[in-house]
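Here are the chains, one letter per residue:
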Amino acid sequence: MQHIVAPSILSADFANLQRDVEMVNKSQAQWFHIDVMDGVFVPNISFGFPVLKAIAKYAKKPLDVHLMIIQPERYIEAFKDAGAQTLTVHYEACTHLHRTLQQIKQAGMNAGVAINPHTPISLLEDSIAEADLVCMMSVNPGFGGQKFIENTYSKVKQLKQLIKQKETDTRIEIDGGVDLNNYKNLLHAGADVLVAGNTVFASKNPTDTIAQLLQFP
Ligand code: DX5
Ligand code: ZN
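Residues numbered from 1 in each chain as written. Chains lettered and ligands numbered in written order. Predicted model: local features only at pLDDT ≥ 70, side-chain atom pairs only at ≥ 80, totals over all residues. Heavy atoms only, no water.

**Student:** Explanation requested: the coordination of the zinc ion (ligand 2) in the structure shown.
**Tutor:** Where a metal carries four tetrahedral donors, each ideal angle is 109.5 degrees; where it carries six octahedral donors, the ideal angles are 90 or 180 degrees. Around the zinc ion (ligand 2), the protein contributes the donor atoms H33 (NE2), D35 (OD), H66 (ND1) and D175 (OD), at 2.0 to 2.3 Å from the metal centre. For the zinc ion (ligand 2), the six donor atoms in the first shell make angles of 70 to 170 degrees at the metal, so the coordination geometry reads as octahedral. One chain supplies every donor to the zinc ion (ligand 2), and in sequence these donors are spaced H-x1-D-x30-H-x108-D. Placement of the pair is D35 in strand β2 (residues 32-37) and D175 in strand β7 (residues 171-175), with a sequence separation of 140 residues. (Donors = N, O, S within 2.8 Å, 3.2 Å for Na, K, Ca; no water. Tetrahedral: all angles 85-135°; square planar, octahedral: opposite > 155°, others 65-115°. Helix = DSSP H or I, 4+ residues; strand = E, 2+ residues; numbered from the N terminus.)

**Student:** Could you clarify how one ought to interpret the pattern of salt bridges in this entry?
**Tutor:** Enumeration over the complete set of coordinates arrives at three salt bridges. Linking R19 and D13 is a salt bridge whose minimum nitrogen-to-oxygen distance equals 3.7 Å. We classify D13 as partly exposed; its relative accessible area is 31%. Across the salt bridge formed by E130 and K105, the nearest N and O atoms sit 3.2 Å from each other. Linking E130 in the loop between β5 (110-115) and β6 (133-137) with K105 in helix α4 (residues 97-106), this pair joins segments that are 25 residues apart in sequence. Among the residues examined, K105 registers a relative accessible area of 30% and is labelled partly exposed. (Salt bridge = Lys/Arg side-chain N within 4 Å of Asp/Glu carboxyl O. Buried < 20%, exposed > 50% of the residue type's maximum accessible area, 1.4 Å probe, protein only.)

**Student:** Just checking my understanding: could you explain the pairing of strand β3 (residues 63-68) for this structure?
**Tutor:** Looking down a regular strand, the side chains alternate between one sheet face and the other. In terms of residue burial, β3 counts as a mostly covered element, since six of its six residues are buried. Two elements, β2 and β3, share six bridges in a ladder whose sense is parallel. Bridging from a neighbouring strand, F32 pairs with L63 of β3. In this view, the connection linking β2 to its parallel neighbour β3 by way of helix α2 (residues 49-58) has right-handed handedness. Examined bridge by bridge, β3 and strand β4 (residues 86-90) share three bridges and lie parallel to one another. From the neighbouring strand, D64 faces β4, where its bridge partner is T86. Of the crossover connections in this fold, the one passing from β3 over helix α3 (residues 76-82) to the parallel β4 is right-handed. (Pairing = 2+ DSSP bridges. Right-handed = clockwise from strand over helix to strand, strands pointing away.)

**Student:** Would you take a moment to explain the site of ligand 1 for this structure?
**Tutor:** Around ligand 1 lies a shell of 20 residues, among which S8, D35, G142, G145 and D175 are the nearest. In this structure, G145 approaches ligand 1 through a main-chain N or O atom, which is 2.7 Å from an oxygen atom. Contact distances for ligand 1 include 2.8 Å between an oxygen atom and a backbone N or O atom of G197. Relative to its unbound accessible area of 380 Å², ligand 1 is 99% covered by the protein chains. Within the residue set of the shell around ligand 1, elements represented by two or more residues are β2, β3 and β8 (193-196). No other element matches the three residues that β2 contributes to the shell around ligand 1. Looking at the shell around ligand 1 residue by residue, the classes come out as eight nonpolar, 10 polar and two charged. (Near = heavy atom within 4 Å. Polar contact = N/O pair within 3.5 Å; in protein donor to acceptor, adjacent residues only side chain to side chain. Areas by Shrake-Rupley, 256 points an atom, 1.4 Å probe, with all protein chains shown as cover. Nonpolar A, V, L, I, M, F, W, Y, C, P; charged D, E, K, R; others polar.)

**Student:** Any chance you could explain the sheet that holds β8 here in plain terms?
**Tutor:** Note: strands within a sheet are paired through backbone hydrogen bonds, in either parallel or antiparallel orientation. Pairing is parallel in the open sheet, where eight strands are placed in the order β1-β8-β7-β6-β5-β4-β3-β2. Each having just a single partner strand, β1 (4-7) and β2 make up the two edges of the open sheet. The mean inter-strand angle of the sheet, taken between neighbouring strand axes irrespective of direction, is 25 degrees. Contacts from α4 reach β4 and β5 within the one sheet, and its direction differs from that of β5 by about 145 degrees. (Axes fitted to C-alpha atoms, helices over the stretch in contact; angles between N-to-C directions. Contact = heavy atoms within 4.5 Å.)

**Student:** Where do I start with the packing of helix α1 (residues 17-26) against α2 in this structure?
**Tutor:** Helix-helix packing is characterised by the crossing angle of the two axes and by the distance between the axes. Close contact between α1 and α2 brings their axes to 9 Å; oriented N to C, the two are set at 45 degrees. Viewed along their axes, α1 and α2 adopt a mutual orientation that is oblique. The element α1 and its partner α2 pack so that their crossing is right-handed. Along the contact surface, α1 presents L17, Q18, V21, E22 and N25, while α2 presents V51, I55 and Y58. Residues that form the contact of α1 with α2 fall into these classes: five nonpolar, two polar and one charged. (Parallel < 35°, antiparallel > 145°, perpendicular 65-115°, else oblique. Left-handed = near helix turned anticlockwise from the far one by under 90°.)

**Student:** For this particular structure, what's the right way to read the nonpolar core?
**Tutor:** Nonpolar side chains in soluble globular proteins tend to end up buried together. The biggest cluster of nonpolar side chains holds 61 residues, and the ones touching the most others in it are I34, I55, V65, L87, L159 and I174. The element contributing the most residues to this core is helix α5 (residues 152-166), with five residues. Residue contacts for L159: discarding those within four places in its chain leaves I121, L124, I128, V134, M136 and I172. Ranked by size, the runner-up nonpolar core spans 10 residues in total, among them A114, C135, V139 and V193. (Core = buried A, V, L, I, M, F, W, Y, C linked by side-chain atoms within 4.5 Å.)

What follows is the structure, given as structure tokens:
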């Protein structure tokens, strides 16, 4: 199955947001990846609803919204209204993860769960059946342009095994430090969705970089 490339808008030029959204529209990328940070769950603040709505106004592809916020269950309906197609919450931020994933689906979105680099795959055993997507953090969340954590490969393989064992059709998304040198190894390990911020937006030709990230094998 063809994998998905989701450019991360966090690395876009916010003074030229419409231009960068149009670039993704015209590219071969299938999704937009949108990072919402609250300055509490992660040591950074990105943006909230006004900016998300501005992106949604021009975006012609699904919005994959990654919430790095505490108590994300408070905003499920609001993100649906703002245009999210996939809503991902952090395992480490949810007291009632199972319920929260169900609520996201009830609201009409795909439900994602993100795990930090220190969180073992085994902790997803009892919630994977509720997840349409697992966002595996391959950097510590909070910033774009960080170095890829190599231990991610073995976690992708473990997650692939768990998905097989539980017979779910959960997608594996890799978020953080994905580049033109490591993306093929990630796909070999079992990744379905590649998030790429710095690799796309800091490149000379972002459209071309997206096309390259879609080449496999
Ligand atoms: C990090 C965010 C990522 C980030 C990825 O906390 O979740 O989505 O934008 O950026 P790169 O690809 O530059 O590591
Ligand atoms: Zn993200």
